[in-house]
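A structural walkthrough
What follows is the residue order along each chain.
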Amino acid sequence: MVAGPALVVFPGLTSLARQAAPRLLEAVIVPLGLFYSALAVFGLYGALGVVLAWAYGSVAWRLLRGRAVSASMILATIAITVRVALAAWSGSAIIYFLQPELGTICFSMVFLVSVRLRRPLVGKLIGEYIHLPRAVITHERVRRCFVQLTLLWALVLLLNSTLSIWLLLHATLGTYLLVRPIAVGVISVLAFTCSVTLFLRVLRRLGLPAGAGHISP
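1. A few points about the packing of aromatic side chains
All told, the structure shown has six aromatic pairs when counted by the stated rule. Ring plane angle 85 degrees and centroid distance 5.1 Å describe the contact between F35 and F97, whose orientation is recorded as edge-to-face. Pair noted here: F35 is in helix α1 (residues 13-42) and F97 is in helix α4 (residues 93-116), with a separation of 62 residues, a long-range link. Both residues of the pair, F35 and F97, belong to the buried class. Look at Y96 and F97: their rings are 5.1 Å apart centre to centre, the planes differ by 85 degrees, and that puts the pair in the edge-to-face class. Take F97: its relative accessible area is 5%, and that puts it in the buried class. The ring of Y96 carries the charged tip of R83 above its face, separated from the ring centre by 4.0 Å.

Below you can see the structure in the form of structure tokens.
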């Protein structure tokens, strides 16, 4: 049993979507659209230049407005610089899109290793969005749920990257840019829905109502 009452507050799906949408637009959708549009007009090197200009322009815009540049954004800018450099050196758009997929495979391995080390990564990620008292985090059912969700997302990441690489190598670039976001989006949304459902079910079994409430002793 979990000792002592503990208040757990869940952000609404609308709130999560509102936070995620600008990041998704800035980091994924806009750069992808810019790359494809510039590729059709200016060719590969022009497209690489436009994407790089977008990345550094986003950082400069934040600095000019006096807003903090997060560590994740700095890392993303470094990553896009490396991607552009390797793609420009090879002269291949496939190399540009292949690099993040290989990174996703590595990230899925990190999820698996975190389970092996008994520190499931999903638990840490959930803790960044939801305040979970220590009594909840250490509960056996919750820890088992974190392991299951970490394994699920390791599989999802591996499936997404495998599908993306197959499309990249066997379809045209236009087909890849059209089909890949839709397929990855559907798989990710289904996995997210399953994750939320499973997590809330575990918390309900501990006596916590959906939304916010107290864990019963």
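2. Remarks on the pattern of salt bridges
Counted by the stated rule, this structure contains two salt bridges. Across the pair E101 and R180 runs a salt bridge, and its minimum N-O distance is 3.0 Å. Here E101, found in helix α4, pairs with R180, found in helix α8 (residues 173-205); they are 79 residues apart in sequence, far enough to count as distant. The exposure class assigned to E101 is buried, which follows from its relative accessible area of 3%. R144 is the partner of E140 in a salt bridge, and the nearest nitrogen-oxygen pair spans 3.7 Å. In this pair, E140 and R144 are both assigned in helix α7 (residues 140-170), four residues apart and thus about one turn of the helix distant.

3. Observations concerning the environment of A55
With respect to the secondary-structure elements, A55 resides in helix α2 (residues 44-64). When its relative accessible area of 12% is taken as the criterion, A55 is described as buried. Residues A55 and T77 lie 22 residues apart in sequence; the distance between their C-alpha atoms is 6.0 Å.

Here is what the cut-offs are and how they apply
- Residues numbered from 1 in each chain as written.
- Predicted model: local features only at pLDDT ≥ 70, side-chain atom pairs only at ≥ 80, totals over all residues.
- Heavy atoms only, no water.
- Phe/Tyr/Trp six-rings, centres within 6.5 Å; stacked < 30°, edge-to-face > 60°.
- Helix = DSSP H or I, 4+ residues; strand = E, 2+ residues; numbered from the N terminus.
- Buried < 20%, exposed > 50% of the residue type's maximum accessible area, 1.4 Å probe, protein only.
- Lys NZ or Arg CZ within 6 Å of the ring centre and 35° of its normal.
- Salt bridge = Lys/Arg side-chain N within 4 Å of Asp/Glu carboxyl O.

Interpretation note: all reported values are geometric properties and have no functional meaning in isolation.
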